[in-house]
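# Overview (structure and organization)
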Amino acid sequence: MLYWLTLLSDGGDFFNLFRYITFRAGGAFLTALIFGFLFGKPLIAVLRRKQGKGQPIRNDGPAGHFAKAGTPTMGGLLIVGALLTSTLLWARLDNPFIWIVLFVTMSFAAIGFMDDYAKVSKQTTAGVPGRVRLLLGLAIAAVAAFWAAQYHPEALQNRLALPVFKDTLINLGYLFVPFSIIVIVGAANAVNLTDGLDGLAIMPVMIAAGTLGVIAYAVGRVDFTEYLDVHYVPGTGEILIFTAGIFGGGLGFLWYNAPPAAVFMGDTGSLALGGALGAIAVATKHEIVLAIVGGLFVVEALSVIIQVLYFKKTGKRVFLMAPIHHHYEKKGWAESTIVIRFWIISLILAMIGLATLKVR
């Protein structure tokens, strides 16, 4: 919205700064961060008062988690609120990619909110039935995928771009939308599965978002794409502002989610942020790179899939408990050790993801 202040500029004054994506990204980061610090405590107080017993704790979970009983959930509202405010304030609202990622983020946040509300109101870990969540997620992702395809350059429409190999494009045709649905819904649920320890999910989300934001900025500039040997997707540069909002809002949330957590993200935050990562990847034609940058989320999701399939076939378990972060808890690792090591892994994967921009 503040971009329109450029109409007051003569080309060499303060208002001219609002033309620059990097300046507005910095503004979005600070806005989201301040939002988190300002509204964090009041929101937590309201959630604690409304929820009473807080988020239900799994009976079959690690013993150390019972000490967390009474901690309120739905803290994702703080992140989503900060992200929405900063994006609407600093991004160009005539950019379709901004509306696509906002649509996915807010829609998945609504699904997560319904799930969290069902859990705390009924004091059960069940929440909204899985089929309902899945069907809603599939519908949202389908709309976003079709929408994004309309704004991709003709040479890239309905095609899968491979990292490093710019000249290799796989024409998915009608399969592009189903493929994109898998990317968006898969990312949303993978982040949701990762959100099991204090601070575990939010930092890898911030790292992945920051990495995808840099990629979106590069992909949206024709001069950068020529040098970095990647495909040019006009308009994606504005997504940097959105990811800056994720980073700022994430830091504001982490202030209260750091061990011992005063509030949990809940499905409200994890589904929204995971969906956002998936939508950014689809918009920028970097779906494969998301699997690298968000490799931690992929491993968490695969650990659950492997555990379920193997148990159904043999009656035995591969891991002591899934998702895999609980496996290490069962092995006796301290929660802080798991969280920090997983952060390190996420940072390494982000560097590998960025390296795909220029490999020769």
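Let me sum up the structure you'll find in this document. (Residues numbered from 1 in each chain as written. Predicted model: local features only at pLDDT ≥ 70, side-chain atom pairs only at ≥ 80, totals over all residues. Heavy atoms only, no water.)

## Quick notes on the overall build of the chain
When you go through the chain residue by residue, the secondary structure sums to 13 helices and 2 strands. Its C-alpha atoms give the chain principal-axis dimensions of roughly 60 × 45 × 35 Å. A buried classification covers 52% of the 360 residues belonging to the chain. Restricting to contacts in the chain with at least 6 residues of sequence separation, those with at least 24 account for 73%. Carbon and sulfur atoms make up 68% of the accessible area of the chain, which amounts to about 16,000 Å² in all. For the chain, the distance from the average site of its 27 positive side-chain charges to the average site of its 19 negative ones is 11 Å. (Helix = DSSP H or I, 4+ residues; strand = E, 2+ residues; numbered from the N terminus. Buried < 20%, exposed > 50% of the residue type's maximum accessible area, 1.4 Å probe, protein only. Contact = heavy atoms within 4.5 Å. Areas by Shrake-Rupley, 256 points an atom, 1.4 Å probe, with all protein chains shown as cover. Lys, Arg positive; Asp, Glu negative; His and termini not counted. Charge placed at Lys NZ, Arg CZ, Asp CG, Glu CD.)

## Notes on empty space enclosed by the protein
Counted under the stated rule, the structure contains 1 cavity of 30 Å³ or more. In this structure, the largest cavity is lined by 16 residues; those nearest its centre are Leu-162, Pro-163, Val-164, Val-230 and His-286. Residue contributions to the lining of the largest cavity peak at 3 residues, all from helix 10 (residues 287-293). Among the residues forming the lining of the largest cavity, the class breakdown is 9 nonpolar, 3 polar and 4 charged. (1 Å grid on protein atoms, 1.4 Å probe; cavity = no way out; pocket = protein on both sides within 12 Å on 5 of 7 lines; lining within 4 Å. Points joined across faces, edges and corners; volume = space filled by probe spheres on them. Nonpolar A, V, L, I, M, F, W, Y, C, P; charged D, E, K, R; others polar.)

## Here's the deal with the packing of helix 1 (residues 21-51) against helix 8 (residues 239-257)
Between two packed helices, both the angle of their axes relative to each other and the distance between the axes serve to describe the pair. For the pair helix 1 and helix 8, the least separation of the axes is 7 Å and the interaxial angle reads 30°. On the basis of their axis angle, the class for helix 1 and helix 8 is roughly parallel. For the element pair helix 1 and helix 8, the recorded crossing hand is right-handed. Contact residues: helix 1 offers Ile-21, Arg-24, Ala-25, Ala-28, Phe-29, Ala-32, Leu-33, Gly-36, Phe-37, Gly-40, Lys-41 and Ile-44, while helix 8 offers Leu-240, Ile-241, Ala-244, Gly-245, Phe-247, Gly-248, Gly-249, Leu-251, Gly-252, Trp-255 and Tyr-256. Here the residues of the contact of helix 1 with helix 8 are counted per class, giving 15 nonpolar, 6 polar and 2 charged. (Axes fitted to C-alpha atoms, helices over the stretch in contact; angles between N-to-C directions. Parallel < 35°, antiparallel > 145°, perpendicular 65-115°, else oblique. Left-handed = near helix turned anticlockwise from the far one by under 90°.)

## Quick word on the side chain of Ser-346
Position of Ser-346 among the secondary structure elements: in helix 13 (residues 335-355). Ignoring anything within four residues of it in the chain, the contact list for Ser-346 reads Pro-204, Ile-207 and Leu-296.

## Details of the side chain of Asn-257
Relative to the assigned elements, Asn-257 resides in helix 8. Within polar-contact distance, the side chain of Asn-257 engages the backbone oxygen of Val-263 at 2.8 Å. Once you skip the residues sitting within four places of it in the chain, Asn-257 turns out to touch Asp-198, Gly-199, Ile-202, Val-263 and Phe-264. (Polar contact = N/O pair within 3.5 Å; in protein donor to acceptor, adjacent residues only side chain to side chain.)

## Some details on the pattern of salt bridges
A complete count under the given rule lists 7 salt bridges for this structure. Across the pair Arg-92 and Asp-94 runs a salt bridge whose closest N-O atoms are separated by 2.7 Å. Judged by its relative accessible area of 27%, Arg-92 falls in the partly exposed class. Of the residues examined, Asp-94 reaches a relative accessible area of 41% and is grouped as partly exposed. The residue Arg-221 makes a salt bridge to Asp-223 at a minimum N-O spacing of 2.7 Å. (Salt bridge = Lys/Arg side-chain N within 4 Å of Asp/Glu carboxyl O.)

## What about unusual backbone geometry?
With an omega dihedral of -10°, the bond running from Pro-259 to Pro-260 counts as a cis peptide bond. When you line up the elements, Pro-260 lands in the loop between helix 8 and helix 9 (266-284). Of the consecutive residues Ala-322 and Pro-323, the connecting peptide bond is found in the cis state with omega at 0°. Considering the arrangement of structural elements, one finds Pro-323 in the loop between helix 11 (295-314) and helix 12 (324-330). Even without being glycine, Met-74 reaches a positive phi, approximately 70°. A positive phi is found at Lys-285, a non-glycine position, where the angle reads about 65°. Following the sequence through the fold, Lys-285 ends up in the loop between helix 9 and helix 10.

## What to know about helix 6 (residues 202-219)
Over its 18 residues, helix 6 extends 25 Å from the first C-alpha to the last, a length consistent with the 26 Å expected when each residue adds 1.5 Å. Judged by how many residues are buried, helix 6 sits mostly within the fold: 16 of 18 residues are covered. (Expected span 1.5 Å × (residues − 1).)

## Observations regarding a nonpolar patch on the surface
Together, Val-298, Leu-302, Ile-305, Ile-306, Leu-309, Tyr-310 and Val-318 make up a nonpolar patch on the protein surface, roughly 600 Å² of accessible area in all. In this structure, Ile-305 sits in helix 11. According to the relative accessible area criterion, Ile-305 is partly exposed, its value standing at 45%. (Patch = residues over 30% accessible without salt bridge, like charges linked within 9 Å, V, L, I, M, F, W, Y side chains within 5 Å.)

## Focus on the packing of aromatic side chains
In this description, an aromatic ring pair is defined by two values, namely the gap between the centres and the angle between the planes. One pass over the structure, following the stated rule, counts 12 aromatic pairs. With centroids separated by 6.3 Å and ring planes inclined at 50°, the aromatic side chains of Phe-29 and Phe-247 adopt a geometry described as tilted. Remark: Phe-247 occurs in helix 8 and Phe-29 occurs in helix 1; sequence separation between them is 218 residues. Arranged with centres 6.4 Å apart and planes meeting at 20°, the rings of Phe-113 and Tyr-117 form a pair that is stacked. A residue pair is termed a helical-turn pair when its members lie 3 or 4 positions apart in one helix, as Phe-113 and Tyr-117 do in helix 3 (residues 96-122) at 4 residues. These aromatic residues form a ring-pair network of at least three members: Phe-18, Phe-23 and Trp-90. Over the aromatic face of Phe-224 sits the side chain of Arg-221, whose NZ or CZ is 4.4 Å from the ring centroid. The side chain of Arg-341 reaches across the aromatic face of Trp-333, ending 4.8 Å from its centre. (Phe/Tyr/Trp six-rings, centres within 6.5 Å; stacked < 30°, edge-to-face > 60°. Lys NZ or Arg CZ within 6 Å of the ring centre and 35° of its normal.)

Any link to function would need more than the numbers given here.
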